Amino acid sequence: MCISKEAELELGLGLSLRSGGGGGGCVEVKGKGSAWGEYGRILTAKDFPNGFSAGTGRAAAGTKRAAADSVGSAECGSPSTAVSQVVGWPPIRAYRMNTLVNQAKTSNADEDEGVGRNEKKENSKKKINHGSDKNDTIVKERDHLGFVKVNMDGLPIGRKVDLKAHPSYETLAQTLEEMFFKHPSVTIRGGKEQSTQPFKLLDGSSEFVLTYEDKEGDWMLVGDVPWGMFLSTVKRLRIMKTSEANGLAPKFQERNEKQRARAI
Amino acid sequence: MAYSFPEEVLEYVFAFLSSDKDRNAVSLVCKSWYEIERWCRRRIFIGNCYAVSPQIVIRRFPEVRAVKIKGKPHFADFNLVPEGWGAYLYPWISAMARSYPWLEEIKLKRMVVTDESLELISKSFKNFKVLVLSSCEGFTTDGLASIAANCRNLRELDLRESEVEDLSGHWLSHFPDNFTSLVSLNMSCLGSEVSFSALERLVSRCPNLKTLRLNRAVPVEKLPSLLRRAPQLVEFGTGAYSAEIQTDIFSNLVEAFSGCKHLKSLSGFWDVVPAYLPAMYNVCSRITSLNLSYATVQSPDLVELISQCPNLKCLWVLDYIEDAGLKALSSYCKDLQELRVFPSDPYGAEPNVSLTEQGLVTVSAGCPKLQSVLYFCRQMSNAALIAIARNRPNFIRFRLCIIEPQAPDYLTLEPLDTGFGAIVENCKELRRLSLSGLLTDRVFEYIGTHAKKLEMLSIAFAGDSDLGLHHVLSGCESLRKLEIRDCPFGHKALLANAAKLETMRSLWMSSCSVSYGACKLLGQKMPRLNVEVIDERGSPNSRPETCPVEKLYVYRTVAGPRVDKPDFVWTMDEDAALRLS
């Protein structure tokens, strides 16, 4: 169920408004490689040449996030079906998914990224510590909802990123760079334009650094632990000014950032 | 023409009109009635916060006491709307704080609410009574503390399914000691423990408390203490319903529940230990609403419980209930009106429970009053859908989610067109429909032909061509909300039916084939629509016009293009509109 690396945007209905009909406009967009260049392939009539066959194109359509499936065999190796690769399907509210994840009783040892616990409602597990046993050791939750919040210093509104769609720190950093900084270059056949120099969130050369809050509530620099371990412990991300990141203190409070001016 | 009634009499008569439709009709009779009506309208419902501006609302209706506002499109529930899209409450509160000092009620859905907004609410409206935040986000428990501390006449605080940054449970302790007016408290979405003694005291001193929905952090052994202090409760939500089995906990629970002679609705039940369910049996005969959708309990235990609830009208449950449990449901609960069955393992490769189309068929046959269904399952057939449609022509809401996209009739491998066709043809009062499974343009032909009362339609991974969309837009006379994802619809049907879009609240299309050029054209043609292109790949101007947009959100508005757009949203033809105005 992987999408080819050269995902093309195909307009099966292909009507250009100016010409009033005829051939499909075809745009090929190649990014710097991997995750950026992949657009979810949009289902068109071409996908159903003989009417319908049940297996065609299933779950291949989806948004950009889903398109990152093609990167890394780790995703394909997971036992989940294609269903889990499509954003927002099946249509279950995030609130309910988080609760299901917290209550999952069966283990899922196949996922080699480690079992993550990337709930948005991080506190619901953490703060329950009454009396007896209960849900403390609801160990092997399958993490199907890989969305964590990402905030950046200076921006009042945060974003969310799907960690499950990434097999490595590099792709995650790339996605975050695209999300928060200038949009990256787009290659249009033949031409190549570079918008701005890329910000490197992982190698310390930028004025921003990527940090995360772990299960214990401590803020750490991203990239120090193996990816799988990171996935199992990260609760949320924060793009912090490098100057502030020195000597990250535990229990760092990210609140009270009320700057109205956007950083970009 | 002289009027026979003085204004005061007309105003008195209009006060009996509660429905917005009636009031809107009244206001169109003549200018005088328009004026009288607008001064005495007390409740307003804004289905799309960007369809109108706070200023326009306040200008027309100066004496409002209750507002209900909805923000993000429905698909935001499934992460299809990027974070930061909009739906901010603050501009509304800031305007209403100045103009509606007597505002009593604020009910919101899918809005971004900040602590500043909550604090402003708590300080601006002296008679503030009701705050309902449904699927909202952006605030913390500090904001709740402001509400608790300052709203002296608060009756309702309902946070259903909101995403709250839970800094601590201390907010509850901010209700003053002389605060006694609480009628309804729903904190089920919160994670932190609140001070239990503060909660106990609060419950004790509020004699009118009818609804109490606790959060998961309240353990089962503490429930009796609360129930004993509030025997008048009508709606109760437990916390985590598990503990080591101890007989005194159990008997305390039994006793506490039996003291609640008015309980009608139960919810909560996280981490349920089945052995504790029987503690509720002696209230079950009065129960009309049961939310077990977080209860990971197997079918036999569920059936035990349900068999005690002959008056059940509404059941939310996980698919652990299985076909067998639904059969039992259909025989015990003849009053059932609403059923929602959620998947316990939506991403598993194989079914983990024996829940199939048969369960729904059985319930539709056995429950004559069933009118609203949300059903997740893994297989469906046209035969089953036809049977369901014939059994239950009184459906108002029918939402079926077959988990695998484009799954065909599992018996014949055909599309499910005829099955859904039977639903719309038989269920003439159908107002809401969600489709799934393998579907061609034909199903849309059926829908356009028969679903004349349909108001909301959700489509995913369906259809062949623009003809499908055209059937819907041209045929569904009552359509208000249309949401579409991953369908091969382009612009032809949209442009041909552009005028229809002004009769609807909104249209959402994501991962379809609507080109940027078409969006621009639509925006130009229809100045009273906001045609929003949502695209996280960067400006659509950096790609050819024929390139499809990622997401499209079209809605009618009298407020013009939004001024609070993030950098991944573009309103089509905004520049032209500004030039001309």
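Only a predicted model underlies this, so the values are computations on that prediction, with no experimental measurement involved.

Caption draft 1: Region of the structure containing the overall build of chain B. When helices and strands are counted, chain B shows 21 helices and 23 strands. Here the C-alpha radius of gyration of chain B, 25 Å, is about what a compact globule of 581 residues would show, namely 25 Å. With the C-alpha coordinates aligned to their principal axes, the bounding extent of chain B is approximately 75 × 65 × 55 Å. The buried share of chain B, reckoned over its 581 residues, is 62%. Within chain B, contacts between residues at least 6 apart in sequence are counted, and of these 70% link residues at least 24 apart. Entry remark: accessible area of chain B is about 21,100 Å², with carbon and sulfur atoms responsible for 52%.

Caption draft 2: Structural view of the environment of B:Val353. Inspection of the secondary structure puts B:Val353 in the loop between β14 (338–342) and α13 (357–366). Among residues more than four places away in sequence, those in contact with B:Val353 are B:Asp319, B:Tyr320, B:Glu322 and B:Ser344.

Caption draft 3: Layout of the sheet that holds strand β7 (residues 208–214) of chain A. All names here are of chain A. Overall, mixed pairing links the 5 strands, which are arranged β4-β3-β9-β7-β8 in an open sheet. Two strands in the sheet have a free side with no partner beyond their single neighbour: β4 (159–162) and β8 (219–221). Strand-to-strand twist across the sheet, computed as the mean angle between neighbouring axes with direction ignored, equals 35°. Note that strand β3 (residues 147–152) and strand β9 (residues 234–241) share 3 bridges and pair parallel.

Caption draft 4: Spatial organisation of the side chain of B:Asn497. Secondary-structure assignment places B:Asn497 in the loop between α18 (492–496) and α19 (498–501). Aside from chain neighbours lying at most four places away, what touches B:Asn497 is B:His470, B:Leu473 and B:Ser474.

Caption draft 5: Representation of the confidence of the model for chain B. Within chain B, residue pLDDT values average 94, and 98% of them lie at 70 or more. Across residues 576–581 of chain B the pLDDT falls below 50, and counting only partners more than four positions away or on other chains, this stretch makes 0 contacts in the model.

Caption draft 6: Highlighting the confidence of the model for chain A. In the predicted model, chain A carries a mean pLDDT of 53, and the fraction of residues at 70 or more is 34%. With pLDDT under 50 throughout, residues 105–145 of chain A is counted as low confidence; its partners more than four residues away or in other chains account for 110 contacts.

Caption draft 7: Layout of the UniProt feature "domain: F-box" (unreviewed entry) in chain B. Look at the UniProt record and you will see "domain: F-box" (unreviewed entry) annotated at residues 5–46 of chain B. The span residues 5–46 of chain B is 62% helix and 10% strand, and its two end C-alpha atoms sit 31 Å from each other.

Caption draft 8: Summary view of the nonpolar core. B:Trp171, B:Tyr241, B:Leu315, B:Phe398, B:Ile447 and B:Leu482 are the most contacted members of the largest nonpolar core, which has 209 residues in total. Grouped together as the second largest cluster of nonpolar side chains are 22 residues, A:Met152, A:Leu176, A:Leu210 and A:Leu237 included.

Caption draft 9: Spotlight on the pattern of salt bridges. All names here are of chain B. For the coordinates displayed, the defined rule picks out 34 salt bridges over all chains. Across the salt bridge formed by Arg38 and Glu35, the nearest N and O atoms sit 3.2 Å from each other. One end of the pair is Arg38 and the other is Glu35, both in helix α3 (residues 31–40) and 3 residues apart, which spans about a single turn. On the basis of relative accessible area, Arg38 is assigned to the buried category, the value being 14%.

Caption draft 10: Main features of the packing of helix α6 (residues 115–124) of chain B against helix α7 (residues 141–150) of chain B. Residue and element names in this part refer to chain B. Put simply, α6 and α7 touch, their axes get as near as 8 Å, and they point 5° apart. The orientation of α6 relative to α7 falls into the category roughly parallel. Residues Asp115, Leu118, Glu119, Ile121, Ser122 and Lys123 of α6 form the contact with α7, whose participating residues are Asp142, Gly143, Leu144, Ser146, Ile147 and Asn150. Considered class by class, the residues forming the contact of α6 with α7 number 4 nonpolar, 4 polar and 4 charged.

Caption draft 11: Structural detail: a nonpolar patch on the surface. On the surface, a cluster of nonpolar side chains totalling about 550 Å² of accessible area is made up of B:Phe5, B:Val9, B:Tyr12, B:Val13 and B:Phe16. Here B:Phe16 shows up in the loop between α1 (7–14) and α2 (20–27).

Caption draft 12: Seen up close, the pairing of β14(B). All names here are of chain B. Counting buried positions along β14 gives 4 out of 5 residues, so the element sits mostly inside the fold. Sheet topology note: the strand β13 (residues 314–318)/β14 ladder contains 5 bridges and is parallel. What sits directly across from Trp316, in β14, is Arg340. Where the polypeptide runs from β13 across helix α12 (residues 322–332) and back to β14, its parallel neighbour, the crossover connection is right-handed. In terms of strand pairing, β14 meets strand β15 (residues 372–377) through 4 bridges, oriented parallel. When the sheet's bridge partners are listed, Val341 is paired in β15 with Tyr375. Where the polypeptide runs from β14 across α13 and back to β15, its parallel neighbour, the crossover connection is right-handed.

The rules behind each value
- The numbering scheme is per chain: residues are counted from 1 as the chain's sequence reads.
- As they are written, the chains are lettered A onward and the ligands numbered 1 onward, keeping that order.
- Only residues with pLDDT of at least 70 get local features here, since the model is predicted, and only at 80 or more are side-chain atom pairs given and counted; chain-wide, interface and lining totals rely on the full set of residues.
- Only heavy atoms go into the side-chain values, all of them from the structure, while hydrogens and water stay out.
- A run of H or I in DSSP counts as a helix once it spans at least four residues, and a run of E counts as a strand once it spans at least two, with each numbered from the N terminus.
- Only C-alpha atoms enter the radius of gyration, while the globule expectation follows 2.2 Å times N to the 0.38, with N the number of residues.
- Categorising residues by exposure relies on relative accessible area from a 1.4 Å probe, with only protein chains included: less than 20% of the type maximum marks a residue as buried, more than 50% marks it as exposed, and the intermediate range marks it as partly exposed.
- By definition in these notes, contact holds between two residues if any of their heavy atoms fall within 4.5 Å.
- Note on areas: Shrake-Rupley, 1.4 Å probe, and residue coverage restricted to the protein chains presented here.
- Pairing between strands is defined by DSSP: at least two bridges between them are needed.
- Fitting a line to C-alpha atoms yields each axis, with helices limited to the stretch in contact; the angle taken between N-to-C directions then spans 0 to 180 degrees.
- Residue-level confidence of the predictor is what pLDDT reports, using numbers from 0 through 100.
- UniProt positions are given in the numbering used here, feature names are shortened, and annotations may be inferred rather than shown by experiment.
- Side-chain atoms within 4.5 Å link the members of a nonpolar core, which is a set of buried Ala, Val, Leu, Ile, Met, Phe, Trp, Tyr and Cys residues.
- What counts as a salt bridge is simple: a side-chain nitrogen of Lys or Arg found within 4 Å of a carboxyl oxygen of Asp or Glu.
- Our angle categories are set so that under 35 degrees counts as roughly parallel, over 145 as roughly antiparallel, 65 to 115 as roughly perpendicular, and the remainder as oblique.
- Lys, Arg, Asp and Glu make up the charged group, whereas Ala, Val, Leu, Ile, Met, Phe, Trp, Tyr, Cys and Pro make up the nonpolar group; the residues left over, Gly among them, are polar.
- Only residues whose relative accessible area exceeds 30% and that form no salt bridge are eligible for patches; like-charged ones are grouped when within 9 Å, while nonpolar side chains (Val, Leu, Ile, Met, Phe, Trp, Tyr) are grouped when within 5 Å.
- Crossover handedness is defined here as right-handed if the route from the first strand over the helix to the second strand goes clockwise, with the strands pointing away from the viewer.

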